[in-house]
Structure formats: structure tokens, C-alpha cells
Amino acid sequence: MRSVLSDPSRRLLSAAALGASVVCLAALAPATSNASSHREAPLIASTPSLDNTDLYAFVSPDASDTVTVVANWQPFEEPNGGPNFYPFAENTAHDINIDNNGDAKPDVIYRWMFRTIYRNPNTFLYNTGQVTSLSDPDLNIRQFYTLQRITPSGTKSILRTAQVAPSFTGEASMPNYGWLSNQAVTSAGADTRSFAGQSDDAFFADLRVFDLLYGGDLSEVGHDTLKGYNVNTIALQVPKSDLALKGNATRNPVVGIWTTTSRVGASMHGKPGAMQQVSRLGMPLVNEVVIPLGKKNEFNATKPTDDGKFAPYVTNPEVPKLIQAIYKIPAPATPRTDLVEVFLTGVCEACGPVKANLNSQQLNKDVAKKSFVPSEQLRLNMAVPPADNPNRLGVVGGDLAGFPNGRRLTDDVIDVTLQAAEGILLPNPPDAVKTLGDGVDANNVGFRHSFPYVALPNQASVNQN
């Protein structure tokens, strides 16, 4: 699909109009390196190892009785960033939270906790020779993790000493990195698998959107800003019944999912010695372009049950106003009930062309309707089967198995979010809205066809050219 933002001749501003817009956009000017949730808030930008970058959740395409959740941390990992490279943060809870009854509270938490072991602390080397397996004695820095499943009934340790795939230090050191990465896929019971390790950053986008919405004159589109960078990935594949309310994915197919990072003493207002939430991610781009600068740290520390205080930023969003000021595309009328469904409740019949109750948690037959609490989560209807031919635009492209019904690695969330912000889910949206995008339609490298699905990490320097 051709992007309207890739055709400057159609939407150029006069100098006077651009000048009038600059004042409106001044608050965005410093945020030139943000991504889906990369460096999205002032505090978390200074502690990148704690920073959730992206969350994906989808019915596994090659194991359709299961759901795969992929969560990434630590943005902008330059492949050759030695000598320490990119370990997962220790003394830190990396959580994937599942709400299956719509009350905005976690009913199931999967928690990864990491520890680091050095074979030889008297060398600066990450590896002291060629590494051919995870148990290779030349792998000097090793990480292990425990994986717990936490429910109101108690805590169960699923894995105790699972090993992390190491950072990719280069082809001379790790000539068959794909083998090392696959060794880190660990079984945690029937149809349950876990992975932790480095991968290519699956988020593809031209992030110059933060430079006055692509330069203010449409000159900045079509460049994949995250090409060549890596992230730290946690992936989990579990039976649908492990996530569903009362274990019944047929009666209760919809779940809400979000990730959090919590650490002792890391909060600016938490109690000393307590585990404090410092990063949070459900729907992509919420903290970046929905939550204002003065509320970003607060949002990262907020529980979904308290999301009502952020609702005005969803019902009266800033982005459409900026697009109208710069590119003269009229902003839809407020309040934006369509965006409330996308971000806070799940998509249902009220959303224009969708014409289906898609992933509202109130579809679950055992949910008490009066207890439903709107909150920012990535919602997935597990009853929707994987698409034979996925459309990168997901729901707005007619593919109900895609974003915002969960999120697949191939979903183009920048284009979908731009179109949603401009009213694609409202009745009779303008034709111009249907082609909005950033000119980056796919990841620069292909994904794996089986769990954990993410691509292997990049090895070439980002700045080599």
C-alpha cells in the first residue's frame, strides 16, 4: 500500500502554515529517538536495561492450540557493544501479566528473574574462545533465570535454572549463533516453552515521526530507524487454557496482556525496600504519543486499575490535532469513543467497518459485566485462528487475527495507529486516511517460522556505512 506520507506533492504546506505549526509541535522536538516503547519516559530512558520496548501476543501459527507472547527489553542495542554487551537486569522482575476477567488486575503472572555467573572474573572478555554451545567453557559470562507462574492460588516455579542465549559477540566467536539461540528454547511442561536471549528488534518504523511529524514537509519517510539494532527478548508459548478464565478458552477466549518491569527501590515515590514498578507496556505507542510528557513517568508506575485518570488523553488525543495543523487532514470529532475501544476496552460492534465483537473482554461468558474496568492492555481473542495470508494492517486491513487483536511480529503498528488516530474505525473515513503510513511496511529481516519466532540478532555495526 502506497503511503500518502510518501507523496510530498499531495500534502506540502506553505511556509506560513508550517511556521504556525511549529509552536504546536515544540514539545515533540526532543523525542527524536523514541520507538514503540523505546526510551518513552524520562526516568526509564536513563535505565535502558529496565525498559520494556515492545509486546506481541498471537495465536501460534504452527501450534494453534497455544498462544505466544513475546516481550522485549533494552532498546537500541548496537551489535558490537562490548565488552559487557547486553545482559538482562538482575534483581528485577520481568513480568507478563494476564487479565482474563476484565477487572484490570493480573489473574496470571509469568515472572522471569535473572542471575549472572562469571567463569573467569579476571578477564575483560565476554567469551575467551570460540563458543559452540551454551555449556561451552569459553562462554565466560552466562545468565540463568527462574520462571514462576503466579496466581491468586499461589506461586509455582516452572523453571529454576534455564539458560539465556548469550549476546551475539560476532561470527568469529560464535560461528553458529542460530544453534546457540535455539538451545535456549526450554520446555516448561506440556506445550509450554520459554526463551530468553538477544534478537533483532522486530519493530519496524520510520521514527522521524517525532521530528515534527516527518520533518514538517514529508521529507522524512521510508527509512527503518531500527534496522540493525537488537533487543533482549523473552518469549513464552503456553496452552490457551493456561491463560483463559476458568481454564476454558472456548467460553472465555479474550485475555488482556501487559508487561511490567519492577525493581527494589527504583521508584521515585515507592517505599524503600519494596519491589516497585518502573516500566509498563501493553498497547504500542500509548506512552509515546498518547500520554503527555508530564505524565509519562507516572504512567509507567501506574496499575491498569487506575487508568481512568489517563482516559482524557485517549478521548481527546493530541496526534490528530497535530496532523490537522501540519497536513490539513481534518481531525475527527471528540470524544473519541473509537479510540477508547482500541486502547481501553477492546474492539466491538461500535467500531465502524469492523462490524464484529472482536476482542472486548466482555465477550467472555463468565465475566461479570459490572466488574469490567477499562484499562490499557493488549487484548487478544484466542478464538480467532491464525491468518493464512496475514495482512500487515491487521484489523483495518480486514485481517481479524492481527493488531489491535493482539499483535503479530509482522503487524505494521505505526500505519495502523496513524490510521486509527485519524478515524479509520469510524463510519465513512476520508480516503486519505486509508493510505496514511510511514513508508516502512516490513521488518528488514525475516522472522523464524517456529518458536520463539523472532529473528536472530544483527551482527554488523549499525554505523558501518
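Bear in mind the structure is a predicted one, so any value in this text is a computation, not a measurement. (Residues numbered from 1 in each chain as written. Predicted model: local features only at pLDDT ≥ 70, side-chain atom pairs only at ≥ 80, totals over all residues. Heavy atoms only, no water.)

> Account for helix α9 (residues 319-327), naming residues and giving values.
Helical periodicity: at 3.6 residues per turn, an α-helix aligns residues three or four positions apart in one direction. For α9, the full list of buried residues reads Val319, Pro320, Leu322, Ile323, Ile326 and Tyr327. Here the buried residues of α9 occupy an arc of 160 degrees about the axis, which is enough to place them on one side. Where α9 ends, the next residue or the one after it, Lys328, has phi of about 65 degrees, a positive value. (Buried < 20%, exposed > 50% of the residue type's maximum accessible area, 1.4 Å probe, protein only. Helix = DSSP H or I, 4+ residues; strand = E, 2+ residues; numbered from the N terminus. Arc of directions from axis to C-beta.)

> Just give me the short version of the pairing of strand β6 (residues 154-163), but keep the residues and values in it.
Sheet topology places strand β5 (residues 141-151) next to β6; seven bridges connect them, and they run antiparallel. The residue bridging Gln148 from the neighbouring strand is Ser157, located in β6. Following β5, the chain reverses through two residues before pairing antiparallel with β6. (Pairing = 2+ DSSP bridges.)

> Got a sec to walk through the nonpolar core? Specific residues and values, please.
Core analysis: the largest hydrophobic core is formed by 102 residues, its most contacted members being Tyr110, Trp112 and Tyr145. Of all the elements, helix α11 (residues 413-421) adds the most residues to this core, at six residues. (Core = buried A, V, L, I, M, F, W, Y, C linked by side-chain atoms within 4.5 Å.)

> With reference to specific residues and values, describe unusual backbone geometry.
At the junction of Gly82 and Pro83, the peptide bond is cis and its omega measures out at 5 degrees in the coordinates. The topology assignment puts Pro83 in the loop between β2 (66-77) and β3 (92-99). Following Phe403, the chain continues into Pro404 via a peptide bond in cis, with omega recorded as 5 degrees. Following the sequence through the fold, Pro404 ends up in the loop between β12 (378-381) and α11. Phi angles above zero are rare outside glycine, and Gln74 is one such case at about 65 degrees. By secondary structure assignment, the location of Gln74 is in strand β2. A relative accessible area of 9% places Gln74 in the buried class. The backbone of Phe85 shows a phi angle near 55 degrees, a positive value even though the residue is not glycine. By secondary structure assignment, the location of Phe85 is in the loop between β2 and β3.

> Run through the pairing of β5, naming residues and quoting values.
Of the pairings in the sheet, the one linking strand β4 (residues 108-118) to β5 comprises ten bridges and is antiparallel in character. The partner of Arg111 across the bridge, within β5, is Gln148.

> So what about the packing of aromatic side chains? Which residues, and what values?
Within the structure shown, the criterion is met by eight aromatic pairs. Aromatic side chains Phe114 and Tyr145 sit 5.6 Å apart centroid to centroid with 55 degrees between the ring planes, which places their arrangement in the tilted category. Pair noted here: Phe114 is in strand β4 and Tyr145 is in strand β5, with a separation of 31 residues, a long-range link. As far as the burial class goes, Phe114 and Tyr145 line up, both buried. Every member of this aromatic cluster is reached through a ring pair, and the members are Phe58, Phe451 and Tyr453. One residue, Arg280, lies across the ring of Phe299, its end atom 4.4 Å from the ring centre. (Phe/Tyr/Trp six-rings, centres within 6.5 Å; stacked < 30°, edge-to-face > 60°. Lys NZ or Arg CZ within 6 Å of the ring centre and 35° of its normal.)

> Before we move on, could you go through the confidence of the model for the protein and cite the residues and values that matter?
Averaged over all residues, the pLDDT of the protein equals 86, while 86% of them reach at least 70. Counting interchain partners and residues more than four positions distant, the pLDDT-below-50 stretch residues 1-35 has 73 contacts. (pLDDT = per-residue confidence, 0-100. Contact = heavy atoms within 4.5 Å.)

> Describe the pattern of salt bridges, with residues and values.
By the definition in use, this model includes 15 salt bridges. Between Arg407 and Asp54 there is a salt bridge whose closest N-O contact spans 2.9 Å. Note that Arg407 is positioned in the loop between β12 and α11 and Asp54 in strand β1 (residues 52-59), a separation of 353 residues in sequence. Among the residues examined, Asp54 registers a relative accessible area of 0% and is labelled buried. Between Arg408 and Asp411 there is a salt bridge, and its shortest N-O distance comes to 2.9 Å. By the burial criterion, Arg408 is buried, and Asp411 matches it. Members of the salt-bridge network, linked through shared partners, are Arg392, Asp412, Asp415 and Asp441. (Salt bridge = Lys/Arg side-chain N within 4 Å of Asp/Glu carboxyl O.)

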